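Structure assessment
Listed below are the residues making up each chain.
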Amino acid sequence: MITRRKFLHRSSLATTALLMNRLPGLHQAPAVKPLTINTSTLAKFVDPLPIPPTIQPVDRRASPANPSVTVPCYRAAMRAFEMKVHRDLKPTQMWGFGSGFPGPTFDVRSGQEIMVEWANELPDKHFLPIDHNLSGAGKDQPEVRTVVHLHGGKVAPESDGFPEDWMVPGKSATYHYPNNQEATMLWYHDHAMGINRLNVYAGLFGVYLIRDGVEDSLNLPSGKFEVSLVISDRLFTPEGQLFYPVSDKPDAPWVPEVFGDGILVNGKLSPYLDVAARKYRFRVLNGSNARFYHLSFENGAALNQIGTDQGLLPAPVSLKAFVIAPGERADLVVDFSAHRGEQMILKSDAFAIMQFRVSADKVDDASSLPTALRPIPKMAESQAVKTRLLSLDEYQNRVAEPVLMLLNGTYWHQPITEKPVLNTTEIWTLVNPTDDAHPIHLHLVRFQILDRRRFDIFSYTSKRELKFTGPAVPPEPWEAGWKDTVRAAPGMVTRIITHFEGCTGRYVWHCHILEHEDNEMMRPYEVIAAT
Ligand SMILES: [Cu+2]
C-alpha cells in the first residue's frame, strides 16, 4: 500500500532532498539559501493545542425548504491573516474562515436546518502559485475564487459548492444545510475549480459536527473532554511563510503531490495538550492535501475507534494504529487513566504529531465507552440495480513523472457519464492500476465498502480485462461503517455500495489528493429522477 514515492516522502530529510531536486538550479548551487526550513529542527511540544471557537448564529432567516419558518443563520467570512504556527517561527500569512486556522467549529443538531452565508473577503491576488493550464484556472479567470463545500453533507446541489459555482472577493453565497443525517464529524472547505489545492493549503477549512439522540444516549466523553484534532502538513520558508512547491517548468508549476515536513494540529506544529487521567473523545480529521497518516501512540496505548466519516461504528474497535487518508475522519476514545503523570506522543511513522501530558491526579470519570454504539445495517449487493466499472488513471511523461490523472479516462468538461437514479442503489467498482492510493470521495451520499481485491494490472491496462489475482478482502474494522471517502488502494479493485437519496441534481466525485483533483481527477455526476 505504501509506494516507493510515498515511502520516501515519509522522512522529512527525504522530502527536502526530493524538493531540492525538483527546484531548478538548486542542485548546481548548493550554497543558495534553502527555500524551506527543516521543521524537525524546531522545538517540539512548546505550543498548547489551540481549540477553534464554536461559531454562533448571527440572525434567523426564512428556510428555503419552508418559508413560513425561520432558521438560524451563520456568517463565516474568508479572510487573510497572520498566525503563529510555532513559538519560534515568525507569524505566517494564511487564509481562513474568521480569523484563525482551522476555521470556527459548527456544532449543530441532526434534523435542525441552518443557513450559512459564506463571504469571500480575501484579497484580489493569490499568494500561492496558480497553474493556468489547469481546467478552470486559465489566465482569463479571476485569480482569487472560492466556493465552500460541506464534505459529507447531504445537501441540495445549489448549496453543495459545485467547483464552478465560485465567487470572487466582495461576494458571498448563502447555503442551506438541512442536517438530515446521523451524528458525525463533517468538514467544510474550499472547492474552487483548478485552485482548490492552493486555497485549502492556504487554510480554508474547518470542522462541522452534527449531534443526535443516539450519540447523546451513549454518555461519551463530552464538553472539554471532546476535542477535535485537525491534522495537516505544510512546508515553511525560513521566514515562517507557507511554501507550496512548484515544478521545474515555470509555465506549468503544478506538482503531482505536496508533502510538508511540518505537521500541524489545529494550526500548530507538534503542539501539546494537558489532559486529565480519564477518557477523552478525539475527532480526527486529515485535512492534508496529499499525506496519509499512520497514527499510533509511541507507548503502544490503545486507540478505541468509535466512528468513521459518516458516523458511529456498530461497536468500538480497539486499535494500536490506523491509517487516515486525506478527507477521512476518525472518532476516537482514548482512556488516559492508566497513564497518570505520563507524556504520551501521538505519532505517524517518523513524525511526532502531538503530545498529551497526562495529569498525575486521580479523577472520577462518569463518561462511558459503550460496547455497542449504533447498528449499521449491512447493504446487500443484491440491492444494487447497477454496477459501474470506473478506473483511476494516471498518465506519466517519458521520465515517469505523473502529468495528468483522470477518472475513467474522462476529463472534467466531457459530458456527464454517471447518472444514478434517485432512490436506487449502485455498486461502484474502482479499478486502480496506478501506484498511488487515491482517496475517492462522492458528494451527497454515504456508502459502505464491500471489499478490495488485487488484480492483474497488465491485463487491465493492455486489454481492459479485469482478472483478479487475490481474494476479496473485507474493509478494515475501522472502515466498516458509513463512509464518504474510501482509500482506493494501488493495484486493487475497491468496491463500494451506495444508495442515492436526498436530491436530484449535479454533484461531483473526485480524488481527495487535492493536486490530483485539480488536475482532472474529478468528474461531475448527476442524480436523476426515475422516469
Ligand atoms: Cu488521486
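None of these values were measured; they are calculated from a predicted model.

Turning next to the coordination of the copper ion. The copper ion binds to the protein through His 438 (ND1), Cys 511 (SG) and His 516 (ND1), with metal-donor distances spanning 2.0 to 2.1 Å. Each donor residue of the copper ion belongs to the same chain, with the gaps between them written as H-x72-C-x4-H. Of this pair, His 438 sits in strand S26 (residues 438-442) while Cys 511 sits in strand S30 (residues 505-511); the two residues are 73 residues apart in sequence, bridging distant segments of the chain. Using a relative accessible area of 0% as the deciding quantity, one classes His 438 as buried. Among the residues examined, Cys 511 registers a relative accessible area of 0% and is labelled buried.

Note: strands within a sheet are paired through backbone hydrogen bonds, in either parallel or antiparallel orientation. The strand order across the open sheet built from 4 strands is S4-S9-S8-S6, with neighbouring strands paired in mixed fashion. Strands with a single pairing partner mark the edges of an open sheet, and in this sheet they are strand S4 (106-109) and strand S6 (148-151). Here the average twist between neighbouring strands, direction ignored, is 25°. For strand S8 (residues 184-190) and strand S9 (residues 205-211), the ladder comprises 6 bridges, and the chain directions are antiparallel. Bridge pairing links Tyr 188 to Gly 206 in S9.

Another aspect to go through is the nonpolar core. One recurring pattern in soluble globular proteins: nonpolar side chains tend to sit buried together. Of all hydrophobic cores here, the largest spans 126 residues; its most connected members are Trp 118, Tyr 208, Phe 282, Phe 336, Ile 353, Phe 356 and Ile 440. Looking at this core, the element that brings in the most residues is strand S10 (residues 226-236), giving 6 residues. In this view, Phe 282 contacts Val 227, Leu 229, Leu 273, Ala 330, Asp 331, Leu 332, Val 334, Phe 336 and Phe 356; residues no more than four positions away in its chain are not counted.

Attention shifts here to the sheet that holds S26. On the basis of which strands lie adjacent, the open sheet formed by 4 strands has the order S28-S26-S30-S31 and antiparallel pairing. The open sheet terminates on both sides in strands that have one partner only, identified here as strand S28 (485-488) and strand S31 (522-527). Strand-to-strand, the axes of this sheet are offset by a mean angle of 25°, without reference to chain direction.

Let's shift gears to the packing of aromatic side chains. Centre distance and the angle of the planes are the two values used to describe a pair of aromatic rings. Applying the stated criterion to the full structure yields 29 aromatic pairs. Its guanidinium or amino end placed over the ring of Phe 468, Arg 453 lies 4.3 Å from that ring's centre, counting from NZ or CZ.

Here we come to the confidence of the model for the protein chain. Taken over all residues, the pLDDT of the protein chain has a mean of 93, while the share at 70 or more is 94%. The low-confidence segment residues 1-29 (pLDDT under 50) makes 56 contacts with residues lying over four places distant or belonging to another chain.

To continue, consider the side chain of Arg 211. With respect to the helices and strands, the residue Arg 211 is situated in strand S9. For Arg 211, the side chain forms a polar contact with the side chain of Glu 215, separated by 3.0 Å. Side-chain polar atoms of Arg 211 contact the side chain of Glu 226, separated by 2.9 Å. With residues near it in sequence (within four places) discarded, Arg 211 still touches Asp 107, Val 108, Arg 109, Ser 110, Ala 183, Glu 226, Arg 281 and Arg 283.

The next point concerns the pattern of salt bridges. Summed over the entire model, instances satisfying the criterion amount to 35 salt bridges. Across the salt bridge formed by Glu 226 and Arg 283, the nearest N and O atoms sit 2.7 Å from each other. With Glu 226 in strand S10 and Arg 283 in strand S15 (residues 279-286), this pair connects stretches of sequence that are 57 residues apart. When sorted by exposure, Glu 226 lands in the same class as Arg 283, which is buried. Via salt bridges that share partners, Asp 107, Arg 211, Glu 215, Glu 226, Arg 281, Arg 283 and Asp 331 belong to a single interconnected network.

What counts, and where the lines are drawn
- Residues numbered from 1 in each chain as written.
- Predicted model: local features only at pLDDT ≥ 70, side-chain atom pairs only at ≥ 80, totals over all residues.
- Heavy atoms only, no water.
- Donors = N, O, S within 2.8 Å, 3.2 Å for Na, K, Ca; no water.
- Helix = DSSP H or I, 4+ residues; strand = E, 2+ residues; numbered from the N terminus.
- Buried < 20%, exposed > 50% of the residue type's maximum accessible area, 1.4 Å probe, protein only.
- Pairing = 2+ DSSP bridges.
- Axes fitted to C-alpha atoms, helices over the stretch in contact; angles between N-to-C directions.
- Core = buried A, V, L, I, M, F, W, Y, C linked by side-chain atoms within 4.5 Å.
- Contact = heavy atoms within 4.5 Å.
- Phe/Tyr/Trp six-rings, centres within 6.5 Å; stacked < 30°, edge-to-face > 60°.
- Lys NZ or Arg CZ within 6 Å of the ring centre and 35° of its normal.
- pLDDT = per-residue confidence, 0-100.
- Polar contact = N/O pair within 3.5 Å; in protein donor to acceptor, adjacent residues only side chain to side chain.
- Salt bridge = Lys/Arg side-chain N within 4 Å of Asp/Glu carboxyl O.

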